Amino acid sequence: MQEILLQLPVIDVSVAELVVLVIAALAGGAFGAAIGALPAFIFTGFVVFLGEGLAVLRNNVGGMVGEVGAGELATGITGVIGFGMVTGPHVAFAGGVAASAYAGKKYPEMEPEGWDYHFGKNILYAFGTKPDILAVGAIFGVFGMLFNRVFAGIFAFGGFGLTDSIAVTVVASAFAARIAFGYPIVGKVGGSGLLDMTPFEREEKRAAADGGTQNVDRLATEPWLPHQYKWSGVTAIGLVGGVLGGYIWLRTGSIFMGYGISAISLLFLQLGVEKIPVTHHITLLGSVGAVVAAETVGSDPVVLIAAGVLGAVSALVGEATQRIFYAHSGTHVDPPAMAIAIVMLAVGILAIAGVIPTAGYL
């Protein structure tokens, strides 16, 4: 097939390559629906960890792996697979989130015993081989691929991306699923306002007012993580995770290694280990804080302090967004993705304006 570039400048691929990406994204989104959104993201962690490990190995052994080209092998694993059509969060995880939203309306009887929230929020659930659910995942996989490419192409300035396009896509896809399947964007707010989690603490119930079809006596307010929503605890884990993300970058040069480790740790959450914190938005921004501080001041202790601060900021932003967009409606909108998108937007704007010398990985 003749390699004719598409006219839309932000999708800078040939027709043949676009067809390949669409087919792969269909499969990637369906894969996320089949195994569940959270298991799909855990796979992201393993693949990114492998790719970044190879990158660190390449940097240390130099010419011993020169035959694969500079960074080619690691880039292929991290970028093409980990953040691409196979386990990319905007494809596989987003496909799984959409599948859960669809099943929450279409198949409420599938809700597993012991699940206290609306079934549309169950990102742990694997839907197996049910064709219509796989089709939903597939459609949202393609949506994620296209939205990400268009967003990244439009919002690029002076050598920097405006923000993390994959994180933005994960959020946009989740809101699109709410609209497509009849859930409210925010939902009925209990207590004294959007940020109030005390109805959860009092175990207050409510009628289904968020697109649900059953479990009308479920909790009035549903925090994203019942063990990780108090401001003090969120700040503490933000500082800890941020420092560790910064330290990993400091010693390996990999911004995404901490992110991969954090994603892998969610395997324990999937297996039912209580109180496992979710930290990939924290370690990633910790690494970014370390990169920015290293370019600015160069002192390792200051680098780690900056990493901890930005990790805490990301954790707090994630908590604020979950209280607004997760806790009151009936589907999953990912707080870590919202945090990454918002905090990296600030980093991107500061870099574009020349206030800071680098935008990290943007």
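Positions within a chain are numbered from 1, following the residues in the order the chain's sequence is written. Reporting in this predicted model follows two pLDDT cut-offs: at least 70 for local features of residues, and 80 or more for side-chain atom pairs to be given and counted; totals over whole chains, interfaces and linings ignore these cut-offs and use all residues. Hydrogen atoms and water are omitted, and side-chain values are computed over all heavy atoms in the structure.

## Notes on unusual backbone geometry
Inference 1: The phi angle at Glu-203 is positive, at roughly 55°, despite the residue not being glycine.
Inference 2: Within the secondary structure layout, Glu-203 lies in the loop between helix H7 (198-201) and helix H8 (231-252).
Inference 3: The backbone of Lys-275 shows a phi angle near 65°, a positive value even though the residue is not glycine.
Inference 4: Numbering of helices and strands starts at the N terminus; helices are DSSP runs of H or I of at least 4 residues and strands are runs of E of at least 2. Within the element layout of this structure, Lys-275 appears in the loop between helix H9 (257-270) and helix H10 (280-296).

## Re the packing of H10 against helix H11 (residues 300-326)
Inference 1: Only C-alpha atoms enter the line fits that serve as axes; for helices the fit covers just the stretch in contact. Angles between N-to-C directions range over 0 to 180 degrees. At a closest axis distance of 7 Å, the pairing of H10 and H11 adopts a crossing angle of 140°. When the axis of H10 is compared with that of H11, the two are oblique. Handedness of the crossing formed by H10 with H11: right-handed. Contacts between H10 and H11 pair His-281, Ile-282, Leu-285, Gly-286, Val-288, Gly-289, Ala-290, Ala-293 and Ala-294 from the former with Val-302, Val-303, Ala-306, Ala-307, Leu-310, Gly-311, Ser-314 and Ala-315 from the latter.
Inference 2: Split into classes, the residues belonging to the contact of H10 with H11 amount to 12 nonpolar, five polar and no charged. Oblique is the label for any angle not under 35 degrees, not over 145, and not in the 65 to 115 range, which are roughly parallel, roughly antiparallel and roughly perpendicular in turn. Crossings are assigned a handedness: left-handed for a near helix turned anticlockwise from the far helix by less than a right angle, right-handed for a clockwise turn. Contacts between residues were defined by any pair of non-hydrogen atoms, one from each residue, lying within 4.5 Å. Any residue that is not Ala, Val, Leu, Ile, Met, Phe, Trp, Tyr, Cys, Pro, Asp, Glu, Lys or Arg is counted as polar, Gly included; the first ten are nonpolar and the last four charged.

## Some words on the confidence of the model for the protein chain
The predicted structure's coordinates, where accompanied by low pLDDT, should not be read in detail.
Inference 1: Every residue is assigned a pLDDT by the predictor, reflecting its confidence on a scale from 0 to 100. Of all residues in the protein chain, 89% have pLDDT values of 70 or greater, and the mean over the chain is 90.
Inference 2: Segment residues 1-9 is flagged for pLDDT under 50; beyond a separation of four residues in sequence, or across chains, it makes 15 contacts in the model.
Inference 3: The low-confidence segment residues 65-71, where pLDDT is below 50, has five contacts with residues more than four positions distant or belonging to other chains.

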